[in-house]
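Examination of the molecular architecture
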Amino acid sequence: MQPNRSLRILTMSTGLLVLLSLYMIFFYAPREIIMGDVQRVFYYHVAAGWVGALAFLVTLIVSILYLVTNNVRWDQVAISSVEIGVVFTTMNIASGSIWARPIWNTWWTWDPRLTTATVMWLLYVAYLMLRQGLEDPERQRRFAGVYGIVAFVSVPFTFLAIRIWRTIHPVIIGSSDPAAEGQFDMTTRMRTTFFFSLFTFTVLYTTLLWHRIRIEGLASRVAIMKSRLWND
Amino acid sequence: MLDPTEHQLPKANFWRAVGTIAWKDLTAELRNKEIVSAMFIFSLLVILIFNFSLELDKSARENVAAGVLWVTFIFAATLGLNRTFAAEKDRGSLDGLLLAPIDRSALFFGKLLSTFVFILIVEIIVVPVFSVLYSISMFNPMFLLVLLLGTLGYTVVGTLLAAMAVHTRAREVMLPILLFPVAVPVVMAAVRASADILAGAKWGRVAGPINLVVVYDIILFAIAIMTFDYLIEE
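Report on the accompanying structure. (Residues numbered from 1 in each chain as written. Chains lettered and ligands numbered in written order. Predicted model: local features only at pLDDT ≥ 70, side-chain atom pairs only at ≥ 80, totals over all residues. Heavy atoms only, no water.)

Residue and element names in this part refer to chain B. Packing of helix H5 (residues 104–133) against helix H8 (residues 203–231) brings their axes to within 8 Å, and their N-to-C directions diverge by 130 degrees. Considering the angle they form, H5 stands oblique to H8. Note on packing geometry: the crossing formed by H5 with H8 is right-handed. On H8, the residues touching Arg104, Ser105, Leu107, Phe108, Phe109 and Leu112 of H5 are Phe221, Ala224, Ile225, Phe228 and Asp229. (Axes fitted to C-alpha atoms, helices over the stretch in contact; angles between N-to-C directions. Helix = DSSP H or I, 4+ residues; strand = E, 2+ residues; numbered from the N terminus. Parallel < 35°, antiparallel > 145°, perpendicular 65-115°, else oblique. Left-handed = near helix turned anticlockwise from the far one by under 90°. Contact = heavy atoms within 4.5 Å.)

See the structure below:
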């Protein structure tokens, strides 16, 4: 069971893109004048956060599609996307923490963005635990579909609820709060590197998702074969 | 797939079914007083533990009162929510309820109503006790409104997730794991509003958090109604 040709090509190009983006981050992008080299974590930090949010949005959409159509295919996308999303959200939080230590002088602060990211991470870990706790596969898919919807809806609320307190997280894209600590302006080279990282991570997400769905499909085929073997 | 037209009944029947289910739970509770008394004693224990673990003096007590009260209710309500469907499942009466010729969402509303009443009863007893123990006056209509709205939102999403958790392997453990992260916004906004009200803030200051609680209540309510059918066995 080899992956098909297009998946192999995609995997190899993703590898090249990651190498190229690493080169850009460390050699092409200039050193930030105040924060120094630690600022370079920013490129993958934002990209990982973006992929986390994208993965959970995809989960929401395919969860609804599963409940409406009852097609197992959508559920396979949902579980695959959640797993990838949790990994990237973990990367996002960890890299942010590494950056915060020298810049904010603390590993952690209960800022709206940080808290929202953590609650989001917990929601989808709960999603994975829910699936694990259910034995009947059909019920597992239905319940996961409902939780995939409920979880996504509560994320923006969490952000709003914590927004009642002031944020110190910098906003690089869009309107910025002058009180944010660690704020900086991007040069052209930085901007190129930044968008290239975003692009790389989006491609990386697609590749991983494809592989993961393929594994899910193989696993269900194995399960069918096994049950046939038992019945014969 | 469920066919929604299959069980379609006139409106009056729908609300009667809701009332019957809720009344059944309330009667059962009146006989054994299991859930309400457990929640009440548990609440007192949580308040006691907070008092010792935070070593509260007078000014500290005023600062943390809203938070302590909400955490107490969240924990106690989780106990009650766990029982809503678990009791039915253990007695095998959940199948009986599903066989009844009523709309599935009537089952949700009935369960929601009875659980909400149980939690409210506990709150009605605990709030005066709490205000004596922490010597803070809590008989403020705005505070009671926030308490009502926050509890409603928590119970709505809690009832939905309890219907899920009851089928999992470690159901008592699973409910808080599923529920707490989803309930973070309603709890945070309610704590914020309660703390401001107890500190004597005017409507202008607390309107934001209260609006958030109301919007959360409405949206989670809508989602619960739309998705509850999928949580019930066909």
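Another point: the pattern of salt bridges. Tallied over the entire structure, the rule returns 13 salt bridges over all chains. The shortest N-O distance in the salt bridge between Glu138 of chain A and Arg142 of chain A comes to 3.1 Å. One end of the pair is Glu138 of chain A and the other is Arg142 of chain A, both in helix H5 (residues 137–162) and 4 residues apart, which spans about a single turn. Taking relative accessible area as the criterion, Arg142 of chain A reaches 4% and is therefore assigned buried. Put simply, Asp25 of chain B and Lys111 of chain B hold a salt bridge, and the shortest N to O gap is 2.9 Å. (Salt bridge = Lys/Arg side-chain N within 4 Å of Asp/Glu carboxyl O. Buried < 20%, exposed > 50% of the residue type's maximum accessible area, 1.4 Å probe, protein only.)

Once that is clear, we can look at the packing of helix H4 (residues 112–133) of chain A against H5 of chain A. All names here are of chain A. It is the contact of H4 with H5, at a shortest axis distance of 9 Å, that shows an interaxial angle of 170 degrees. Between H4 and H5, the crossing angle belongs to the class labelled roughly antiparallel. For the contact of H4 with H5, the residue count by class is 16 nonpolar, 6 polar and 3 charged. (Nonpolar A, V, L, I, M, F, W, Y, C, P; charged D, E, K, R; others polar.)

The subject of this paragraph is the side chain of Arg212 of chain A. Residues and elements named next belong to chain A. Mapped onto the elements of the fold, Arg212 is located in helix H6 (residues 188–231). Only 2.6 Å separates the side chain of Arg212 from the side chain of Glu83, close enough to count as a polar contact. Those residues in contact with Arg212, other than ones at most four positions away along the chain, are Ile79, Ser80 and Glu83. (Polar contact = N/O pair within 3.5 Å; in protein donor to acceptor, adjacent residues only side chain to side chain.)

If you look at the interface, chain A gives 29 residues, while chain B gives 31 residues. In this assembly, chain A packs against chain B so that about 2800 Å² is buried in total across both faces, 76% of it on carbon and sulfur atoms. Summed over the shared surface of chain A and chain B, the result is 1 salt bridge. Note that Arg169 of chain B is salt-bridged to Glu135 of chain A, the shortest N-O span being 2.5 Å. Counting across the interface, chain A meets chain B through 6 residue pairs in polar contact (both at pLDDT 80 or more). Elements represented by at least two residues in the side of chain A that touches chain B include exactly helix H2 (41–69), H4 and H5 of chain A. Of all the elements, H5 of chain A adds the most residues to the side of chain A that touches chain B, at 14 residues. Of the residues in the side of chain A that touches chain B, the class split is 21 nonpolar, 5 polar and 3 charged. (Buried area = accessible area lost by both parts, 1.4 Å probe.)

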